[in-house]
Amino acid sequence: MSDSNDKSGVSRRKFLVASGLTGIAAGGGMTAALLPMAAQSSEPGADGYVAPGELDDYYGFYSSGQSGEVRVYGIPSMRELKRIPVFNYFPATGWGVTNESRKILYEGLTPQGKRRADKQGGILRNGDTHHPHMSYTDGTYDGRYLFINDKANSRVARIRMDLMVCDKIVQIPNVQAVHGLRLQKFPRTGYVFCNGEFMIPQPNDGRDMYDPSKYYTLFSALDGDTMEVKWQVKVSGNLDNTNADYAGRYAFSTCYNSENGVVLGEMMRAERDHVVVFNIARIEEAVKQGKFTTIGDSKVPVVDGTKGSDLTLYIPIPKGPHGINTSPDGKYFIANGKLSPTVSVVEIAKLDEYFDGKLKEPRDVVVAEPELGLGPLHTTFDGRGNAYTTLFIDSQVAKWNLEDAIKGFKDGKTNPIRQKLDVHYQPGHLNASMAETKEADGKWLISLNKFSKDRFLNVGPLKPECDQLIDISGDEMKLVHDGPTYSEPHDCIVVRRDVLHPSRLYDPNDPMFDDLKAQAKKDGVEIGKDNKVIRDGNKVRLYMMSYAPNYGITDFKVKQGDEVTIIIKNIDEIEDVTHGFTLTNYDIQMEISPQQTVSVTFIADEVGMFWYYCQWFCHALHMEMRGRMMVEA
Ligand code: K7E
Ligand code: CUA
């Protein structure tokens, strides 16, 4: 079977439009009404319509806010394809239930995080994902990993793109609320940069908590390969969003609380806050030379990047800047004013000049500051020199031209604004196809709107958000689709489908199964060949296979109080034949996809007979796929 993610998208698309038009000709008025844009437009698929059975051209990877997961969409159809559990508990797959997922959720926690998790049965229950970003090689997506922040419990997770499952989670020490997250784009990822949003007393052990003048926060760099925190930078003010250049030299973060306030009024005082630029090479050098401290029980090197340090540059920016976005040509970054109607354009080459001592004033790096409208939050790009900025208060997306903005900054009259499009309503992030890479292709733009109000059937006080699909391939932005999403994707990236080559089955030789194999070897069992119950004191390990519609073991007995571990390999090799294991009234449920091995451990504390069954519909005899556990007193 050929790879469905190859570059045949163009021909599929042509076929789609051709068949759509045939349908109109043959089917008369009804079909034409369903396909209005296809009939009018010469641009293939400009309506975003993807016919049944057809595949999308792009993947969308969405965060999910307070739901704590990552969602996978097809773009432009806006069809939701998958939810990847990360910081949440997810019964359908057993995330937070299986031994394998619980290890991922636990082992990267800080000592404080482990103490918290221990009190709650070994997991933290909440997550708040904002910023999903895919690993880079040479300035574009390489399809290895997706990284995502957790603001609620200050964590960063990594998702393997071959399986679309999370394989590592680390809690960042010495910070609260990991918010902004972006990746090193060159030469590769490399560093995962993340912002601790809130300032806290350091160490946070009760000593300075009533003295906010002692609070500060840290910018962290972790290694995307090992998921170790390599270094942290102490900063002045707080940290909101972050981004990196395309040369591997700088990262930069917005700050909305340069006042170091702890209540709203204090945080709003200054007319200008700032962007702090991190000079990566200088920070690495300082760490190498031992010019760092550590905080509390953390061993992570912390360098001083507060105002006056030569590791950083503080650029004054009006007022409470939020999003920060690098143009795909690598020349500029844009800080979005939020409380100021302006966005500030910084020329990245001028950062070199500043750090070389050739520029005196930090503001000398700003080359444009166009006024776009009320509440600019985030900006994206089409790869043709245009930028698109969400205006939260105006409920609009503003399209503007970067070179004209720079010209206008000099001559005081060139107007960079090309178009403003109403969106519905209150947009936060927006992202265009491949816009976070040097391969920005300017086809589709998603506006992630915080409020849907009247756009969908009323479902009570808590309503979905409204993510809108906008065609940006032509001179004018065209709104083509409303997509409801539920609490609460902040951000998404739109990735060309040929970047990714997900597996169809698990690979039984994947190192993720090594721990189970080692245990099985000690027990004299071969996973996937044997169905066996091993007793080891009061520990019972049950190894079995699943294959539609059977479990390898349909009856087993244990004694009350035994610690029981169930290890199941799904030996089916047919794509999409997923089995499950649900132990009724024992609150256990997990997924076993083809060629996957999973395990779950529990105490058999309730005496009696308990059915287990397969909860993923796998076969005509799926209802019959079950067995009994006997727990003897
Ligand atoms: Cu909601 Cu990126 Cu967390 Cu802006 S952030 S809107
Ligand atoms: Cu196996 Cu349902």
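Residues numbered from 1 in each chain as written. Chains lettered and ligands numbered in written order. Predicted model: local features only at pLDDT ≥ 70, side-chain atom pairs only at ≥ 80, totals over all residues. Heavy atoms only, no water.

### Here we look at the overall build of the protein
No. 1: Check the secondary structure of the protein and you find ten helices and 39 strands.
No. 2: Here the C-alpha atoms of the protein give a radius of gyration of 27 Å, agreeing with the 26 Å that 2.2 N^0.38 yields for 633 residues.
No. 3: With the C-alpha coordinates of the protein rotated into their principal frame, the extents come out at 85 × 75 × 45 Å.
No. 4: Put simply, the protein has 633 residues, and 57% of those count as buried.
No. 5: By sequence separation, contacts in the protein at least 24 residues apart represent 59% of the contacts at least 6 residues apart.
No. 6: Entry remark: accessible area of the protein is about 26400 Å², with carbon and sulfur atoms responsible for 52%. (Helix = DSSP H or I, 4+ residues; strand = E, 2+ residues; numbered from the N terminus. Rg over C-alpha atoms; globule rule 2.2 N^0.38 Å. Buried < 20%, exposed > 50% of the residue type's maximum accessible area, 1.4 Å probe, protein only. Contact = heavy atoms within 4.5 Å. Areas by Shrake-Rupley, 256 points an atom, 1.4 Å probe, with all protein chains shown as cover.)

### So, the environment of Ile348
No. 1: Turning to its location among the elements, Ile348 is positioned in helix H8 (residues 348-355).
No. 2: When the C-alpha atoms of Ile348 and Gly561 are compared, they prove to be 64 Å apart, with 213 residues separating the residues in sequence.
No. 3: In this structure Ile348 touches Asp245, Tyr250, Phe252, Thr326, Gly330, Lys331, Tyr332 and Phe333, once residues within four positions along its chain are discounted.

### Focus on a positive patch on the surface
No. 1: A cluster of basic side chains, namely Arg115, Arg116, Lys119 and Arg125, defines a positive patch on the protein surface.
No. 2: Here Arg116 is to be found in helix H5 (residues 111-118). (Patch = residues over 30% accessible without salt bridge, like charges linked within 9 Å, V, L, I, M, F, W, Y side chains within 5 Å. Salt bridge = Lys/Arg side-chain N within 4 Å of Asp/Glu carboxyl O. Lys, Arg positive; Asp, Glu negative; His and termini not counted. Charge placed at Lys NZ, Arg CZ, Asp CG, Glu CD.)

### Details of the sheet that holds strand E39 (residues 626-632)
No. 1: With mixed pairing, the five strands of this open sheet are ordered in space as E33-E39-E38-E35-E36. Every interior strand has two partners, whereas the edge strands, strand E33 (555-559) and strand E36 (588-592), have only one. Ignoring which end each strand starts from, the neighbouring axes of this sheet average 20° apart.
No. 2: Two strands pair when backbone bridges link them, and strand E35 (residues 579-583) and E36 are joined in this way by five bridges, in the antiparallel orientation. (Pairing = 2+ DSSP bridges. Axes fitted to C-alpha atoms, helices over the stretch in contact; angles between N-to-C directions.)

### Focus: the site of ligand 1
No. 1: Close contacts around ligand 1 come from His130, His131, His179, Asn241, His322, His378, Gly428, His429, Lys450 and His490, and that covers them all.
No. 2: The residue inventory of the shell around ligand 1, partitioned by class, reads no nonpolar, nine polar and one charged. (Near = heavy atom within 4 Å. Nonpolar A, V, L, I, M, F, W, Y, C, P; charged D, E, K, R; others polar.)

### Some words on helix H7 (residues 280-288)
No. 1: For H7, the complete set of buried residues consists of Ile280, Ile283, Ala286 and Val287. The buried residues of H7 occupy an angular sector of 125° when projected down its axis, which confines them to one face. Across from the buried face of H7, at angles greater than 90 degrees, the exposed residues are Ala281 and Lys288.
No. 2: In the core, the buried residues of H7 are packed alongside strand E9 (191-198), strand E11 (229-235), strand E13 (250-255), strand E14 (272-279) and strand E15 (302-304).
No. 3: Once H7 finishes, Gly290 follows within two positions and takes phi at roughly 75°, a positive value. (Arc of directions from axis to C-beta.)

### Topic: the environment of Thr342
No. 1: Structurally, Thr342 is set in the loop between strand E18 (332-336) and strand E19 (343-347).
No. 2: Judged by its relative accessible area of 11%, Thr342 is buried.
No. 3: The sequence separation of Thr342 and Glu563 amounts to 221 residues, and the corresponding C-alpha distance is 62 Å.
No. 4: Residue contacts for Thr342: discarding those within four places in its chain leaves Pro318, Asn336, Gly337, Glu369, Pro370, Glu371 and Pro376.
No. 5: A polar contact is formed between the side chain of Thr342 and the side chain of Ser340, at a distance of 2.5 Å. (Polar contact = N/O pair within 3.5 Å; in protein donor to acceptor, adjacent residues only side chain to side chain.)

### Remarks on the sheet that holds strand E1 (residues 58-63)
No. 1: As summarised here, the arrangement of the four strands in space is E3-E2-E1-E29, forming an open sheet in which the pairing is antiparallel. Edge positions in the sheet fall to strand E3 (79-84) and strand E29 (492-496), since each has one partner strand and no second. Across this sheet, the average inter-strand angle for adjacent strands is 25°, counted without regard to direction.
No. 2: The pairing of E1 with E29 spans five bridges and is antiparallel. The residue bridging Gly60 from the neighbouring strand is Val494, located in E29.

### Some points on the pattern of salt bridges
No. 1: Tallied over the entire structure, the rule returns 35 salt bridges.
No. 2: The closest approach of N and O atoms between Arg160 and Asp510, which form a salt bridge, is 2.5 Å. Of the two residues, Arg160 is situated in strand E6 (residues 155-160) and Asp510 in the loop between E29 and helix H10 (514-522); the sequence distance between them amounts to 350 residues.
No. 3: Of the residues examined, Arg160 reaches a relative accessible area of 15% and is grouped as buried.
No. 4: Between Arg182 and Glu436 there is a salt bridge, and its shortest N-O distance comes to 2.8 Å. Residue Arg182 is found in strand E8 (residues 176-183), and its partner Glu436 is found in the loop between strand E25 (427-432) and strand E26 (444-449); the two are separated by 254 residues along the sequence.
No. 5: A cluster of three or more residues bridged by salt bridges with shared partners is formed by Glu69, Arg71, Glu80 and Arg83.

### A look at the side chain of Ser452
No. 1: Within the secondary structure layout, Ser452 lies in the loop between E26 and strand E27 (465-471).
No. 2: There is a polar contact of 2.7 Å between the side chain of Ser452 and the backbone oxygen of Pro464.
No. 3: When residues no more than four places from it in sequence are discounted, the contact partners of Ser452 are His424, Tyr425, Lys463, Pro464, Glu465 and Cys466.

### Section: the packing of aromatic side chains
No. 1: Inspection of the entire model under this criterion finds 19 aromatic pairs.
No. 2: On the basis of an interplanar angle of 45° and a centroid distance of 5.4 Å, the ring pair of Tyr136 and Tyr141 is categorised as tilted. Take Tyr136 and Tyr141: they sit in the same class, and that class is buried.
No. 3: Site record: aromatic cluster; members linked through ring pairs are Tyr191, Phe193, Phe219, Trp231 and Phe278.
No. 4: Note that Arg158 overlies the ring of Tyr145, its terminal NZ or CZ placed 4.1 Å from the centroid. (Phe/Tyr/Trp six-rings, centres within 6.5 Å; stacked < 30°, edge-to-face > 60°. Lys NZ or Arg CZ within 6 Å of the ring centre and 35° of its normal.)

### Looking at the confidence of the model for the protein
No. 1: Averaged over the protein, the pLDDT score is 93; the fraction of residues at 70 or greater is 93%.
No. 2: Taken together, the stretch residues 1-44 has pLDDT below 50 and engages in 50 contacts with residues farther than four places along the chain or on a different chain. (pLDDT = per-residue confidence, 0-100.)

### What to know about the side chain of Thr189
No. 1: Relative to the assigned elements, Thr189 resides in the loop between E8 and E9.
No. 2: Here Tyr136 takes part through its backbone nitrogen, which lies 2.9 Å from a polar atom of the side chain of Thr189.
No. 3: Thr189 has contacts with Ser135, Tyr136, Arg144, Phe147, Leu183, Gln184 and Asp225, leaving out every residue within four places of it along the chain.

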